[in-house]
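Here are the chains, one letter per residue:
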Amino acid sequence: MHEADIAAVAVTALLDDGHAGAKYVLTGPESLSQREQVEIIGKATGRTIRFEELTEEQAERDGVPTMPLDYLRSAVGAPAEILPTIAEVTGRPARTFAEWAEDHAGDFR
């Protein structure tokens, strides 16, 4: 999710009445695979980015340090939950991953 959306929710919750004690779960507006995310970043940067998915065996052998394999395994083929919280709190739709990638294209160059 775009950090500007997180900030917008925080500002609204701090400045507008009716948010005292509220707890908000925030998500982006779409569920994308890692491959799709890489493709979107490539488009935003004007580059072709190679994506190579590791097998479980490769990840275990190479000691992939990101997350426990059980967690990653449970997410394969399962779309992420999408909630309307950002739009409900701020009155505007959440920014897409493509918008985030465009805003951060320079960070990837």
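Residues numbered from 1 in each chain as written. Predicted model: local features only at pLDDT ≥ 70, side-chain atom pairs only at ≥ 80, totals over all residues. Heavy atoms only, no water.

For His 104, the location among the structural elements is in the loop between helix H6 (97–103) and helix H7 (105–108). Assessed through its relative accessible area of 15%, His 104 is described here as buried. Within the structure, the side chain of His 104 is placed 2.6 Å from the side chain of Glu 3, a separation counted as a polar contact. (Helix = DSSP H or I, 4+ residues; strand = E, 2+ residues; numbered from the N terminus. Buried < 20%, exposed > 50% of the residue type's maximum accessible area, 1.4 Å probe, protein only. Polar contact = N/O pair within 3.5 Å; in protein donor to acceptor, adjacent residues only side chain to side chain.)

What follows covers the environment of Gly 91. Mapped onto the secondary structure, Gly 91 falls in the loop between helix H5 (85–90) and H6. Of the residues examined, Gly 91 reaches a relative accessible area of 67% and is grouped as exposed. Separated by 79 residues in the primary sequence, Gly 91 and Thr 12 place their C-alpha atoms 9.8 Å from one another.

Attention shifts here to the confidence of the model for the protein. Per-residue confidence for the protein gives a mean pLDDT of 89; residues scoring 70 or more make up 88%. Here helix H4 (residues 69–75) stands out as the element of the protein with the lowest mean pLDDT, 66, in contrast to H6, whose mean of 98 is the highest. (pLDDT = per-residue confidence, 0-100.)

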